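Report on the structure
Single-letter residue listing:
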Amino acid sequence: MMQLVFSDAQYWEDFLPLTFTRPVAAMRCGILTFSERWQRILENTEVSYFTEMYLQDKFKAPEEKESLFLVPNFLPTETVIQQIKDLKQGEALVYEDELVAAKINMKGFSLHQIEKMTDIKEELIFFKKPTDLFTYNHHAIDFDFDLITKGRTSQELSSTNGFLGDKKDLFIEEGAQIEFSTLNTKTGKIYIGKNAEVMEGCNLRGPITLGDDSKFNLGSKIYGATTIGPHCKVGGEVNNIIIFGYTSKGHEGFIGNSVIGEWCNFGADTNSSNLKNNYSHVKLWNYRTKAFEDTGLQFAGLIVGDHSKTAINTQLNTGTVIGVASNIFKPGFPPNLVENFSWGGLKDDERFRLDKVYEVAERAMARRKVPLAEEDKAILKHIFDTY
């Protein structure tokens, strides 16, 4: 089996703070992560990551052998999938002057090995920044839904529920529970993962995916396109958000047009604005340029790194970026950039001590029976010392 090497190329820095703790390929959009999607497409389970050095202890580095080198953060067409499968040694595919796939040997890795480059002529959906994840999430959900459910049969929807749309656009995995709720697939597909639960009184308006072992709490209002990864609890009202996994937003409060990492917790009645009062474009902090950049979007809420928390009744402004392991609990609106390891959430607040970061992470992760590995601690320490 050929080694599949996922490359961060130039995109890793553009997706911060989400990629402080993971390669680009490990981000979730649609139903799957980019890595999971490509493994299914190419029927390949031997994967490695060409990423930042401090991430390589957790995310396996490439072996020095013949490989398929792939920039993962786009949705391919059937033609492009076949072009990738047909690549021969020393051949590559290029999209908009950027290399996206190549058959090369990772021993003495060099793009000089490439002897033939072919331009991809079709238009692709490429994810180049955090807001692209929620902006194009409906396309990713459609793509993954077809990829995962093709040739398979969904569980039946319980008769206690109300349903609008076509049942072919609803897929319920084994062990999932849905009772006394409404589901609408007229606006998009709905996918409910293994052992997930939609509690009574929920209203789901697709496209929506609820990951394995996740829950929509009582009376939740879920607007698409929304992706909730595995082992999450979500309540209140959400609209067009992505949660990578292992995160709780279990209480009332609104979050819209946002991307949230893993191991976060939102206190009761945490609310985020996703629209400015003057209806102008939202600006977001860009870690590459170290400035607030115009997103070109009228709706943009939060971008949140792993292990961050908010207290009850937290209010968050339109276009707020929250770093890794930040704790927001002081009154008033925090700034639009909350630094990594902030203890309080305001500018120039003290930092959350690293030993306490480990302690809280261990407790939170133990609730999901996931250990805080030494590799995880090393990643957090690197972020703490460097950024």
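None of the values given here were measured: they were computed from a predicted structure.

1. Observations regarding the overall build of the protein chain
A count of helices and strands for the protein chain gives 6 helices and 36 strands. Against the 2.2 N^0.38 benchmark of 21 Å for 387 residues, the protein chain shows a C-alpha radius of gyration of 21 Å, consistent with a compact globule. For the protein chain, the spread of C-alpha atoms along the principal axes amounts to about 60 × 55 × 45 Å. Burial statistics for the protein chain: of 387 residues in total, 54% are counted as buried. Sequence-distant contacts, at least 24 apart, represent 44% of the contacts inside the protein chain between residues at least 6 apart. When the accessible surface of the protein chain is split by element, carbon and sulfur atoms take 48% of a total near 17,200 Å². Across the protein chain, 43 positive and 53 negative side-chain charges occur, with their mean positions spaced 3 Å apart.

2. Quick look at the pairing of strand E28 (residues 283–286)
Bridging between E28 and strand E29 (residues 291–294) involves 4 bridges; their strand directions are antiparallel. Each residue of the ladder has a partner; that of leucine 284, found in E29, is glutamate 293. Two successive antiparallel strands, E28 and E29, enclose a turn made up of 4 residues, where lysine 290 displays a positive phi of approximately 55 degrees.

3. A closer look at the pattern of salt bridges
Enumeration over the complete set of coordinates arrives at 23 salt bridges. Where glutamate 262 meets arginine 22, a salt bridge forms, and the shortest distance between an N and an O atom there is 3.5 Å. With glutamate 262 in strand E25 (residues 254–262) and arginine 22 in the loop between strand E1 (3–7) and strand E2 (28–29), the pair connects residues that are 240 residues apart, well separated along the chain. A salt bridge links arginine 22 to aspartate 306, with the nearest nitrogen and oxygen atoms 2.9 Å apart. Residue arginine 22 is located in the loop between E1 and E2, and its partner aspartate 306 is located in the loop between strand E30 (302–304) and strand E31 (309–310); the two are separated by 284 residues in the primary sequence. The same class applies to arginine 22 as to aspartate 306, namely buried. Several salt bridges share partner residues, and in doing so they unite Glu46, Lys60, Glu63 and Lys65 into one network.

4. A closer look at unusual backbone geometry
Leucine 16 connects to proline 17 through a cis peptide bond whose omega is 10 degrees. Relative to the helices and strands, proline 17 is located in the loop between E1 and E2. In this structure, proline 207 follows glycine 206 across a cis peptide bond, with omega equal to 5 degrees. On the secondary structure map, proline 207 appears in the loop between strand E17 (203–205) and strand E18 (208–210). Of note, lysine 369 is a non-glycine position whose phi angle comes to about 60 degrees, a positive value. You can see lysine 369 is positioned in the loop between helix H5 (354–366) and helix H6 (374–386). Owing to a relative accessible area of 77%, lysine 369 belongs among the exposed residues under this scheme.

5. What to know about the packing of helix H1 (residues 34–42) against helix H4 (residues 137–149)
Helix-helix packing is described using two parameters, namely the angle between the two axes and the distance between the axes. Running from N to C, H1 and H4 point in directions that differ by 40 degrees, and their axes come no closer than 11 Å. When the interaxial angle is binned, H1 and H4 end up oblique. As H1 packs across H4, the resulting crossing turns out to be left-handed. Contacts from Arg37, Arg40 and Ile41 in H1 reach Ala140, Phe143, Asp144, Leu147 and Ile148 in H4. Considering only residue class, the contact of H1 with H4 consists of 5 nonpolar, no polar and 3 charged.

6. Considerations on the sheet that holds strand E4 (residues 47–50)
Pairing within the open sheet is mixed, and its 6 strands lie in the order E4-E1-E5-E8-E7-E9. With one partner strand each, in any of the chains shown, E4 and strand E9 (116–119) form the two edges of the open sheet. When strand polarity is set aside, the average angle formed by the axes of neighbouring strands in this sheet is 25 degrees. In this fold helix H2 (residues 78–85) packs onto strand E5 (66–70), strand E7 (91–95), strand E8 (98–105) and E9, with an angle of close to 155 degrees to the strand it touches most, E7.

7. Brief notes about the nonpolar core
In globular proteins that are soluble, nonpolar side chains generally tend to be buried together. One finds Trp38, Ile84 and Leu133 to be the most contacted residues of the largest nonpolar core, which totals 67 residues. Per-element accounting of this core gives the leading share, 5 residues, to H5. Once you skip the residues sitting within four places of it in the chain, leucine 133 turns out to touch Phe15, Leu18, Met27, Cys29, Phe34, Phe127, Ile242, Phe244 and Val259. In this structure, Ile172, Cys202, Ile228 and Cys264 belong to the second largest nonpolar core, which totals 32 residues.

8. Things to note about the packing of H1 against H2
Relative orientation of the contacting elements H1 and H2 amounts to 75 degrees, with a least axis distance of 11 Å. Here H1 lies roughly perpendicular to H2, going by the angle between them. For the pair H1 and H2, contact is made by Trp38, Ile41 and Leu42 and by Ile81, Ile84 and Lys85, respectively.

About the cut-offs
- The written sequence of each chain sets the order in which its residues are numbered from 1.
- Reporting of local features is limited, given that this is a predicted model, to residues whose pLDDT is at least 70; pairs of side-chain atoms are given and counted only at 80 or more, and all residues count toward the totals for whole chains, interfaces and linings.
- Hydrogens and waters are ignored; side-chain quantities use all the structure's heavy atoms.
- A run of H or I in DSSP becomes a helix once it reaches four residues, and a run of E becomes a strand once it reaches two; helices and strands are each numbered from the N terminus.
- In this treatment the radius of gyration is a C-alpha quantity, and the globule benchmark scales as 2.2 Å times the residue count to the 0.38 power.
- The buried label applies to any residue whose accessible area, calculated with a 1.4 Å probe on protein chains only, is under 20% of its type's maximum; exposed applies above 50%, and partly exposed to all values in between.
- Should any heavy atoms of two residues lie within 4.5 Å, those residues are counted as being in contact.
- What sets the accessible areas is the Shrake-Rupley method with a 1.4 Å probe; for residues, cover comes only from the shown protein chains.
- Here the positive residues are Lys and Arg and the negative ones are Asp and Glu; neither His nor the chain ends is included.
- A charge is said to be at NZ when it belongs to Lys, at CZ for Arg, at CG for Asp and at CD for Glu.
- Should DSSP find at least two bridges between two strands, the strands are regarded as paired.
- Salt-bridge detection follows one rule: a side-chain nitrogen of Lys or Arg within 4 Å of a carboxyl oxygen of Asp or Glu.
- Angular values range over 0 to 180 degrees, each being the angle between N-to-C directions of two axes fitted as lines to C-alpha atoms, with helices fitted over their stretch in contact.
- Each angle gets one of four labels, with under 35 degrees taken as roughly parallel, over 145 as roughly antiparallel, 65 to 115 as roughly perpendicular, and the rest as oblique.
- Each crossing is labelled by how the near helix is turned from the far one, with a counterclockwise turn of less than a right angle marking it left-handed and a clockwise turn marking it right-handed.
- Residue type decides the class: Asp, Glu, Lys and Arg count as charged, Ala, Val, Leu, Ile, Met, Phe, Trp, Tyr, Cys and Pro as nonpolar, and the leftover types, Gly among them, as polar.
- Definition used in this section: a nonpolar core is a set of buried Ala, Val, Leu, Ile, Met, Phe, Trp, Tyr and Cys residues joined via side-chain atoms within 4.5 Å.

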